[in-house]
Amino acid sequence: PSAASSALLKGLNPEQLAAVTAPPGPWLILAGAGSGKTRVLTTRIAWLLQTGQVSPAGVMAVTFTNKAAKEMLTRLSAMLPINTRGMWIGTFHGLCNRFLRAHYKVAGLPQAFQILDTQDQLSAVKRVIKGLKYDEEKVIPKQTTWFIANAKEDGLRPKDIVPRDELGRLQLSVYEAYEDQCTREGVVDFAELMLRTYELMRDHAELRAHYQRRFRHILVDEFQDTNKLQYAWLKMFSGRPEETGTSVLAVGDDDQSIYAFRGAQVGNMADFEREFKVPGVIKLEQNYRSFGHILDSANALIANNSRRLGKTLRTDAGAGEPLRIYEASSDYAEAQWLVDEARQMHREGQAFKEIAVLYRSNAQSRVIESALFNAGVPYKVYGGLRFFERAEVKHALAYLRLIENPNDDTSFLRVVNFPARGIGARTVELLQDAARSSARSLAQSVTAVPGKSGANLQAFVAKVDAMREATRGLTLRHIIEHVVEASGLADFYRTEKEGQERLENLAELVNAAEAFVTQEGFGKDAVALPVDEPVGTIAQGLPAAVARVDTLPDAETGEIISPLVAFLTHAALEAGDNQAQAGQDAVQLMTVHAAKGLEFDNVFITGLEEALFPHENSMKDGDSLEEERRLMYVAITRARKRLHISFCQTRMLHGQTRYNLKSRFLEELPEESLKWLTPRNQGFGSGYARQYQEAWASGRGLGSMVGAGAQPWRGGGANAGSSGYAGKARGEDDFKDLTAPLPSRMAQAKSESGFKVGQSVFHGKFGEGVILTLEGQGPDARVQVNFGRHGTKWLMLSVAKLTPIE
Ligand code: ATP
Ligand code: MG
């Protein structure tokens, strides 16, 4: 090897070196966290390029998150002076998007097709259900959305599905109508990106031959999390290796499989080994990431899982510091503690960006965010509160999308009366009926609505048309600025009481666009080309400097993509990366799922509480519990130097107060690796708690830990109604079996009234009972009490005369 390539290979251990320089062929690396899988994958790409075995265009590398893809590109350009644009490095969705943009005609898509994010998709499905006049209680929109996504992930179109029952039949017809609607509007959802690409490859021999010849090396990171369709998709691009000569390298870790709930199949590893005739699985056993206590904890935890392929991990690094464990009285106290620790570390010289805060559920981030904000600590949230999903940003994007495609009904409906312009629900319904009966888009049907309302609708369409005219030839930044003003959004938020923050977010959208344009190589002065006009004529009319940078041709097909279309795509695909803040020194907040593959010097894992982590939906069967444990394994193994774990006695979540037990996962960590910052609570293993756990396992007892929220200021906003976490909220059923008094240990939190959850009380009329929930404060304080045969009652504490019995 040349001097340069040996520099590349320096420092690799013998197993890694062998993997990096392995001859072409099917290879599978199966190895634990932090053993250098991603590093091997990236170095192999660099080595192949540098030794001239492949050109950038011959490489395809698939990762799971945008952040990981970006990281890989950064690492590659650091290793080699190459133009990474030509390489297909990205997420499955990102690569599919690229493929479909290049082949939009064959794919039957408009060139400027838009991508529906999860929110859009749900509202689109709701519209279909409404159009079919189905009962939303029966054909539940969210469930139906899952039905459609699952079908697509199994590669099934409506014609391939035989409904099992009445509900299945109804859902199937929603799927059918939803597909028509998407086609009409020129939009695709995430699963469609994958399936459409797959089908195109399957059905077009020439295309297939082209790509199978083109990609000499396909490399897949986090292979354990691929689902059925993704695996089939890969096989489509690689072809049968003995025929195409394509070399495939898959790397993964069965202990980090955390997407089984979304249909990922660890079994793909075994299938890959067999179908690709992998000569021998490569193992890496040295962990380079974490200190001993961290690694020991991860190993001890995961040893509790039964279905494992079995791997070992060791480290040469010292033991390092023990894990710091903290029990907080509430989620507020937890956040405050975390902020204090983070600031202390920062004073000691740690960069904020080397501090990560991980949580199981997005909803947990709010309290932490506000504590960081109040303390003036910079932070950045990945996923969850996605920037591009904020209402005001979505409104602005909807106008932008209508400029690109007036027939985008989802966007039309979002802003037709926002800001308010006198178009009521009744009018919209009339319009939708008219559109449906003529199979045209909403914009095309406005003339069908009579009278004043019809005139209002026409005025709206005219307004969008005017924006389209006015922004022709402008740079992306100016387009957005114009639209924010001309749509009335800016004025609306200027007059709104809490509009300031929203205005700032709209300004941030401009920043994000600017950053995007620069990063994508459009150049700051890039202008959006109207897609319906041939490129030549437009370009001729522009100053040369502008014409040169105005569009981004696809590296392969030369197809033109305007910055606006590219940006709108980016907004839909990008999971909440706030471009403008990238690179800033800020504490990193994200879910454990989003942290996969990443590493930080200091990690906080918060909310180690039963029903939160492990998640309540997972506690009924062993398989999902094992998946939760793998998730915890992923969380622990993100830390290089220092790991903090915390849990709370009470927490407000989705507007409900929860009284929590600490997570069983804490009990699975080796005592000698832990340092308790708060007195260690003996509770978990004792009789009552154990009984309680069993109640959990059998599906009872849930309600006893959940109370309805009494603090509306915490309940609403971004977290309202999200995720299934509160799905089994307070309801009679949850309490039916609850005959025995609750152990008082679970009610560590005593309310100011002196009562606590689990306490036995006496009431003049209803007799003896057990307190299930405490809510509100002062004169507002309420309790929920289970009075046995008198049932469960809510009482106003200031009125009801309750006496404690102990
Ligand atoms: P995960 O399963 O979490 O994705 P991984 O197996 O992909 O982990 P990497 O992220 O590639 O692991 O590597 C973990 C850390 O160890 C990185 O910081 C990497 O640079 C470092 N590392 C890997 N191999 C070596 C080596 N031979 N010498 C020094 N550091 C290494
Ligand atoms: Mg990795």
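Keep in mind that this is a model prediction, so the values were computed, not measured.

Rules used throughout
Residues numbered from 1 in each chain as written. Chains lettered and ligands numbered in written order. Predicted model: local features only at pLDDT ≥ 70, side-chain atom pairs only at ≥ 80, totals over all residues. Helix = DSSP H or I, 4+ residues; strand = E, 2+ residues; numbered from the N terminus. Buried ≥ 20, exposed ≤ 12 C-beta atoms within 10 Å, placed from the backbone. Contact = placed C-beta atoms within 7 Å. UniProt positions renumbered as here; feature names shortened; annotations may be inferred. Expected span 1.5 Å × (residues − 1). Pairing = 2+ DSSP bridges. Axes fitted to C-alpha atoms, helices over the stretch in contact; angles between N-to-C directions. Near = placed C-beta within 6 Å. Nonpolar A, V, L, I, M, F, W, Y, C, P; charged D, E, K, R; others polar. Core = buried A, V, L, I, M, F, W, Y, C linked by C-beta atoms within 7 Å. Parallel < 35°, antiparallel > 145°, perpendicular 65-115°, else oblique. Left-handed = near helix turned anticlockwise from the far one by under 90°. pLDDT = per-residue confidence, 0-100. Right-handed = clockwise from strand over helix to strand, strands pointing away.

A. Spotlight on the overall build of the chain. Looking only at helices and strands, the chain features 33 helices and 23 strands. Within the chain, buried positions represent 45% of all 806 residues. Looking at the chain alone, contacts between residues at least 24 apart form 74% of all its contacts between residues at least 6 apart.

B. Layout of the UniProt feature "binding site: ATP" (unreviewed entry) in the chain. The UniProt record marks A31, G32, A33, G34, S35, G36, K37 and T38 with the feature "binding site: ATP" (unreviewed entry), using the residue numbering of this structure. By C-beta crowding, A31 is classed as buried, having 26 other C-beta atoms within 10 Å. Beyond its immediate chain neighbours, meaning those up to four positions away, A31 contacts K37, D253, K283, L284 and K311. Residue position: G34 is located in the loop between β1 (27-30) and α3 (37-50). Judged by local crowding, G34 falls into the buried class, with 25 C-beta atoms found within 10 Å.

C. Geometry of helix α9 (residues 190-203). The end-to-end C-alpha distance of α9 is 20 Å, a good match for the 20 Å that 14 residues give at a rise of 1.5 Å each. When we look at burial in α9, the residues that qualify are F190, E192, L193, M194, L195, R196, T197, Y198 and M201. Contacts made by the buried residues of α9 are with α5 (92-102), α7 (141-153), β5 (187-189), α10 (205-214) and α11 (228-238).

D. Seen up close, the sheet that holds strand β7 (residues 247-252). Spatial ordering of the open sheet is given by β1-β7-β6-β2-β3, a layout of 5 strands whose pairing is parallel. Two strands bound the open sheet, and with one partner strand each, they are β1 and β3 (88-91). With direction set aside, neighbouring strand axes in the sheet form an average angle of 10°. Inspection of the sheet shows strand β2 (residues 59-63) paired to strand β6 (residues 217-220) by 4 bridges, in the parallel sense. Paired with M60 across the strands is I218, a residue of β6. Along the sheet, α3 contacts β1, β2, β6 and β7; its crossing angle with β7, the most-contacted strand, is approximately 160°. Each of β2, β6 and β7 is contacted by α11, which is oriented at about 165° to β6, the strand it contacts most.

E. Region of the structure containing the site of ligand 1. Around ligand 1 sit 19 residues in total, of which G36, K37, T38, R39 and Y288 are the nearest. When residues of the shell around ligand 1 are assigned to their parent elements, the largest contribution, 3 residues, is made by α3. Looking at the shell around ligand 1 residue by residue, the classes come out as 4 nonpolar, 10 polar and 5 charged.

F. Just the environment of L400, in detail. Inspection of the secondary structure assignment puts L400 in helix α17 (residues 391-404). In this structure L400 comes out as buried when scored by C-beta crowding, with 27 C-beta atoms within 10 Å. Considering only alpha carbons, one finds L400 and D601, 201 residues apart in sequence, at a separation of 41 Å. Excluding anything up to four places from it in sequence, L400 contacts I480, V483, L564 and L568.

G. Structural view of the nonpolar core. In terms of nonpolar packing, the biggest core is built from 116 residues, with I29, I45, A61, A396, Y399, L400 and I480 touching the most fellow members. Non-local contacts of Y399, meaning those with residues more than four positions away in its chain, are made with V415, M467, V483 and S487.

H. Local environment of the packing of α17 against helix α27 (residues 563-573). With their axes 11 Å apart at the nearest point, α17 and α27 run at an angle of 135° to one another. One finds that α17 runs oblique with respect to α27. As α17 runs across α27, the sense of the crossing is left-handed. Along the contact surface, α17 presents L397, L400, R401 and E404, while α27 presents L564, V565, L568 and A571. Tallied by class, the residues present in the contact of α17 with α27 amount to 6 nonpolar, no polar and 2 charged.

I. Highlighting the packing of α17 against helix α21 (residues 451-471). Running from amino to carboxyl end, α17 crosses α21 at an angle of 75°, the nearest separation of the two axes being 9 Å. By the angle between their directions, the pair α17 and α21 is classed as roughly perpendicular. Contact with α17, carried on its side by Y399, L402 and I403, involves V464, M467, R468 and T471 of α21 and no other residues of that element. Partitioned by chemical class, the residues of the contact of α17 with α21 number 5 nonpolar, 1 polar and 1 charged.

J. Geometry of the confidence of the model for the chain. The predicted model of the chain averages 80 in pLDDT, with 81% of residues at 70 or higher. Note that pLDDT drops below 50 for residues 575-581; the model gives that stretch 27 contacts with residues more than four away or on any other chain. The ipTM assigned to the predicted complex is 0.99, against a pTM of 0.72.

K. Representation of the environment of N268. Looking at where N268 falls in the secondary structure, it is placed in helix α13 (residues 267-275). For the pair N268 and L170, spaced 98 residues apart in sequence, the C-alpha separation works out to 32 Å. Excluding residues that lie within four positions of it along the chain, N268 makes contacts with F223, T226 and Y231.

L. Region of the structure containing the pairing of strand β13 (residues 587-591). Along β13, 5 of the 5 residues are buried, which leaves the element largely enclosed by surrounding structure. Neither face of β13 is exposed, since V587, L589 and T591 on one face and Q588 and M590 on the opposite face are all buried. Relative to β13, strand β10 (residues 379-381) runs parallel, the two sharing 3 bridges. Each residue of the ladder has a partner; that of V381, found in β13, is L589.

M. Structural view of the environment of H210. Here H210 lies in helix α10. By the C-beta count within 10 Å, which is 13 here, H210 ends up partly exposed.

N. Just the pairing of β2, in detail. Most of β2 sits inside the fold, with 5 of its 5 residues counted as buried. Neither face of β2 is open: one carries V59, A61 and T63, the other M60 and V62, and all of them are buried. In this sheet, β3 lies alongside β2 in parallel orientation, the contact comprising 4 bridges. The residue bridging M60 from the neighbouring strand is W88, located in β3. With helix α4 (residues 66-79) bridging β2 and the parallel β3, this β-α-β connection has right-handed handedness.

O. A look at helix α8 (residues 166-185). The end-to-end C-alpha distance of α8 is 29 Å, a good match for the 28 Å that 20 residues give at a rise of 1.5 Å each. Turning to α8, the residues buried within the fold contact α6 (118-131), α7, β5 and α18 (409-415). A positive backbone phi angle near 70° is found at G186, which sits one or two residues after α8.

P. Local environment of unusual backbone geometry. The peptide bond linking F418 to P419 adopts the cis configuration, its omega dihedral lying at -5°. Within the fold, P419 resides in the loop between α18 and α19 (425-438). In this model, F613 is joined to P614 through a cis peptide bond whose omega is 10°. Mapped onto the secondary structure, P614 falls in the loop between β14 (600-605) and α29 (622-636). With phi around 55°, K277 is a residue other than glycine that occupies positive phi space. Even without glycine at this site, A439 takes up a positive phi of about 50°. Summarising the element assignment, A439 is placed in the loop between α19 and α20 (442-445).

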